[in-house]
Amino acid sequence: MGQATTTSSDKVATRDAYGKALVEVGQKNPKVVVLDADLSGSTKTIGFSKAFPERFFNMGVSEQDMMGTAAGLALAGKIPFASSFAMFATGRAFEIVRNSIVYPHLPVKICASHAGLTVGEDGASHQTVADIAIMRVLPGMTVIVPADAIETKQVIHAVADFPGPVYVRLSRAAFPVFLGEDYKFQIGKAVEIHEGNDIAIVACGLMVYQALKAAEILEKQGVKASVVNMATVKPLDGEMLAKLAKRTGCILTVEEHSVMGGLGSAVAEYLAEEGDVVVHRHGIMDEFGQSGPADALLKLYKLMPEDIADQALATLKKKSNRKPA
Amino acid sequence: MTKTANIEELQEIARQLRVDCLKMLHKAKSGHTGGPLGIMDIITVLYFSAMNHDPKNPRWEDRDRFILANGHCCPAIYVALSKAGYFPKEELDHLRQIGSPLQGHPKLKVEWGIEMSTGSLGQGMSIGNGISFAARLDKRDFWMYSMHSDGEAQEGMLWEAALTAGHHKLEKRICFMDFNGIQIDGFNKDIKDVSPLEDKFLAFRWAVKTIDGHNIAEILDSIDWAKKTPGKPKMIIAKTILGKGVSIFENLPKYHGVAPSDEELKIALKELGEA
Ligand SMILES: Cc1ncc(C[n+]2csc(CCOP(=O)(O)OP(=O)(O)O)c2C)c(N)n1
């Protein structure tokens, strides 16, 4: 399909792609303003702060104040991007996001980096695996988890033009750039980046690459897996899910997030009402992260391609064990 | 809408608004009574004298803005906005009812003069700051007013915002503190004393003035002072009386959040010179 490859050796963190794209949208649209809470070097808003110092607001270590201020800027016609670590942007500031941004449906773009376990050495206090869950339940909120640098760039351009509030989940770790240059991101549209009819692996964020690698492993074992990038977790692409369910009857979700409330939950909720299909959620079980190198953590928490392939085989077994109707 | 700087006229508007407010709350059988009566004199001065706004053109970009950070006091702004001409007075009959834009706590509706959703305490100062930042970028000259309360001042976020406004010298910010000394569970000084507020805001690099929040002349003067004091955000600490204007409500914490009964309304209207 020319939409993805696992042969590229290029690795870029989605937060870096965010920092670059932010400067581009800043150039394109003078209404774009950026807020950060003393983490501009880490969230990569620093590039924007240098290019457009008058449109950059370093709020200090005050995530709640940052979200409230972003709301005010939006009320007065600006397009605010507010960044911090995902833990604090969605956790510390949750109720401000809920009441002052999403309830009045203001076009604030919360672009939070260091989501999930791949924060690495900083450990569990900084590793949120609940952010998708708590952003997703807010009425009118859009939730996007880009898979790589190429997609991130497109996401940032798309959300800058989008009229409502958006949560964009970004990562610290450098990860393969694998989506092809002809890849097209659209808010609310999932993309099948690898075709297969035995099982569909639906993933978001860094797990899309892992899933693609898993599909290669499965292929060697004679299992043809479809890999779908569900970058927009909300609104969920139900059409795509219905299609996959019909075609494969067997869906595995994979995310660097708790299996409670995240992508897997969203998919399971949708498919529970859609008919006969086996759904298995893979991600972080009911537990916190811990310190360690990102890749070691992905191994420990079973988010490597081999783990995903194992999960796929187990899911297929569930399907074949099902009594025919 | 006619604006005035005449003290007697403003006093009369404030009296009428208190009457409207109590009738509205009584009809709704739900809502906050004490706080709105306490801030009514300031609200009157803002909407009928100080603020540059146009009910016929609510989205006018250069209008002065007002955000009620203590959102539970919204009955006060609802009656004022209606009287100013933002929406018909009959709408006040639907306070807190299904489908009414007059929600129990403010919900953003610029066409009706409701500049922001509030109700969760502590957030309004940041929002006002954000609007002032945008005005500064766009080289617009409007004043950004907001109302806060002593109970709200126990919220940490308010102090984050205070630090922001002071640090960035947001000189177009004029904030009022409804300092009635009362919150839900009792008296502020017993629960967790926020005073001395003057010293705190001075330390946060604000210009601070304390006034009698029921003295129209002092309210007018304080806004004048605020506009003439450059380089800093302004905090006007208004000493107010919860339930002001109705003796049976005054200074009693239990009237923070209840609507007047039939009997109480009768007494109140009498004291306010109605029937
Ligand atoms: C964040 C938040 N916590 C709690 C409440 C519930 N609450 C509503 S009003 C109030 C007391 C506020 O004190 P103040 O504004 O001084 O009360 P008033 O003078 O109007 O009686 C509380 C705790 C709230 N609205 N928001």
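Residues numbered from 1 in each chain as written. Chains lettered and ligands numbered in written order. Predicted model: local features only at pLDDT ≥ 70, side-chain atom pairs only at ≥ 80, totals over all residues. Heavy atoms only, no water.

A.B. asks: What am I meant to see in empty space enclosed by the protein here?
C.D. replies: Unoccupied space between atoms shows up once a probe the size of one water molecule is rolled over them. Residues and elements named next belong to chain B. Overall, the coordinates contain four cavities of 30 Å³ or more when judged by the stated rule. Around the largest cavity, the lining residues are Tyr47, Met51, His53, Pro58, Arg63, Asp64, Arg65, Phe66, Tyr86, Val110, Gly113 and Glu115. Of the residues in the lining of the largest cavity, the class split is six nonpolar, two polar and four charged. (1 Å grid on protein atoms, 1.4 Å probe; cavity = no way out; pocket = protein on both sides within 12 Å on 5 of 7 lines; lining within 4 Å. Points joined across faces, edges and corners; volume = space filled by probe spheres on them. Nonpolar A, V, L, I, M, F, W, Y, C, P; charged D, E, K, R; others polar.)

A.B. asks: Quick question: what am I supposed to make of the pairing of strand E11 (residues 225-229) of chain A here?
C.D. replies: On any regular strand, side chains alternate: one points to one face of the sheet, the next to the other face. Residue and element names in this part refer to chain A. In terms of residue burial, E11 counts as a mostly covered element, since five of its five residues are buried. By the alternation rule, side chains of E11 split into Ala225, Val227 and Asn229 and Ser226 and Val228, which are all buried. Strand direction decides the pairing type here: strand E9 (residues 191-194) and E11, joined by three bridges, are antiparallel. Residue pairing in the sheet places Val191 in a bridge with Asn229 of E11. For strand E10 (residues 199-203) and E11, the ladder comprises five bridges, and the chain directions are parallel. Each residue of the ladder has a partner; that of Ala200, found in E11, is Ser226. (Buried < 20%, exposed > 50% of the residue type's maximum accessible area, 1.4 Å probe, protein only. Helix = DSSP H or I, 4+ residues; strand = E, 2+ residues; numbered from the N terminus. Pairing = 2+ DSSP bridges.)

A.B. asks: Would you explain the packing of aromatic side chains in this entry?
C.D. replies: In this structure the tally under the stated criterion is 11 aromatic pairs over all chains. A connected cluster of aromatic rings, assembled from ring pairs, spans B:Trp159, B:Phe201, B:Phe204 and B:Trp206. Here the guanidinium or amino end of A:Arg98 rests over the ring plane of A:Tyr103, the centre of that ring lying 6.0 Å away. Taking NZ or CZ as reference, B:Lys172 lies 3.8 Å from the ring centre of B:Trp143, over its face. (Phe/Tyr/Trp six-rings, centres within 6.5 Å; stacked < 30°, edge-to-face > 60°. Lys NZ or Arg CZ within 6 Å of the ring centre and 35° of its normal.)

A.B. asks: How do you make sense of the domain arrangement of chain A when you look at a structure like this?
C.D. replies: Many structure descriptions define interface size as the accessible area lost when the parts assemble. All names here are of chain A. We note that the domain assignment places domain 1 (11-176) and domain 2 (191-321) within chain A. Just the C-alpha atoms count here: the centres of domain 1 and domain 2 sit 26 Å apart. On the domain 2 side, the residues contacting the 33 residues of domain 1 number 35 residues. Between domain 1 and domain 2 the total buried area reaches about 2,500 Å² when both faces are included, carbon and sulfur atoms providing 61% of it. When the buried surface of domain 1 facing domain 2 is broken down by residue, Leu117, Arg136 and Phe175 rank first, second and third, together holding 28% of it. On the surface where domain 1 and domain 2 come into contact, there are one salt bridge. With its nearest N and O atoms 2.9 Å apart, the salt bridge here joins Glu269 to Arg136. At the boundary of domain 1 and domain 2, one finds 20 residue pairs in polar contact (both at pLDDT 80 or more). In terms of residue count, helix H7 (residues 131-136) provides more of the side of domain 1 that touches domain 2 than any other element does, four residues in total. Residues of the side of domain 1 that touches domain 2, tallied by class, amount to 19 nonpolar, eight polar and six charged. (Domains from an automatic or database assignment. Contact = heavy atoms within 4.5 Å. Buried area = accessible area lost by both parts, 1.4 Å probe. Salt bridge = Lys/Arg side-chain N within 4 Å of Asp/Glu carboxyl O. Polar contact = N/O pair within 3.5 Å; in protein donor to acceptor, adjacent residues only side chain to side chain.)

A.B. asks: Help me understand the pattern of salt bridges, please; the structure alone is not making it clear to me.
C.D. replies: Under the counting rule described, the total for this entry stands at 20 salt bridges over all chains. A salt bridge links B:Asp138 to A:Lys78, with the shortest nitrogen-to-oxygen separation between them at 2.5 Å. Of this pair, B:Asp138 sits in helix H4 (residues 124-138) while A:Lys78 sits in the loop between helix H4 (63-75) and strand E4 (79-83), placing the two residues on different chains. When salt bridges with common partners are traced through the structure, they connect B:Glu12, B:Arg15 and B:Glu274 into a single cluster.

A.B. asks: I'm lost on unusual backbone geometry in this one. Help?
C.D. replies: When glycine is set aside, most residues are seen to have a negative phi, and most peptide bonds are trans. Here the residue pair A:Lys234 and A:Pro235 is connected by a cis peptide bond, since its omega of 0° sits within 30 degrees of zero. The residue after B:Ser195, namely B:Pro196, is reached through a cis peptide bond having omega 0°. Position of B:Pro196 relative to the elements: it lies in the loop between helix H6 (188-191) and helix H7 (197-203). For A:Lys302, which is not a glycine, the phi torsion comes out positive at approximately 60°. Along the polypeptide, A:Lys302 turns up in the loop between helix H12 (294-300) and helix H13 (305-321). The exposure class of A:Lys302 is partly exposed, given its relative accessible area of 48%.

A.B. asks: Help me out: how do you make sense of the layout of surface pockets in this one?
C.D. replies: Approximately 330 Å³ is the volume found for the largest pocket. Around the largest pocket sit 15 residues that line it, and A:Ala74, A:Leu75, B:Arg59, B:Arg63 and B:Val110 are the ones nearest its centre. Its residues placed into classes, the lining of the largest pocket shows seven nonpolar, one polar and seven charged. By volume, the second largest pocket amounts to about 280 Å³. Lining the second largest pocket are 21 residues, and of these B:His72, B:Leu121, B:Gln183, B:Ile184 and B:His256 lie nearest its centre. Taken together, the residues that form the lining of the second largest pocket break down as five nonpolar, 12 polar and four charged.

A.B. asks: Help me understand the packing of helix H2 (residues 34-50) of chain B against helix H3 (residues 74-84) of chain B, please; the structure alone is not making it clear to me.
C.D. replies: What describes two packed helices is the angle between their axes and the distance between those same axes. Residue and element names in this part refer to chain B. One way to put it is that H2 packs onto H3 with a least axis distance of 9 Å and a crossing angle of 30°. Handedness of the crossing formed by H2 with H3: right-handed. Together, Pro36, Ile39, Met40, Ile43, Tyr47 and Phe48 of H2 and Pro75, Ala76, Ile77, Val79, Ala80, Leu81, Lys83 and Ala84 of H3 make up the contact between the two elements. The residue makeup of the contact of H2 with H3, split by class, is 13 nonpolar, no polar and one charged. (Axes fitted to C-alpha atoms, helices over the stretch in contact; angles between N-to-C directions. Left-handed = near helix turned anticlockwise from the far one by under 90°.)

A.B. asks: Before we go on, may I ask you to explain the sheet that holds strand E6 (residues 207-212) of chain B in this structure?
C.D. replies: Sheets are built from strands paired through backbone hydrogen bonds, the pairs being either parallel or antiparallel. Residues and elements named next belong to chain B. Pairing is parallel in the open sheet, where five strands are placed in the order E1-E2-E3-E7-E6. Both edges of this open sheet fall to strand E1 (65-68) and E6, since each of them pairs with a single strand only. Each strand axis lies, on average, 20° off the axis of its neighbour in the sheet, ignoring direction. Judged from the six bridges that link them, E6 and strand E7 (residues 234-239) form a sheet pairing that is parallel. Looking at the pairing, Ala207 lines up with Lys234 of E7. Sheet strands touched by H2: E1, strand E2 (144-149), strand E3 (173-179) and E7. Its angle to E2, the strand with the most contacts, is close to 175°. Running over the sheet, H4 touches E1, E2, E3 and E7 and is turned about 165° from E3.

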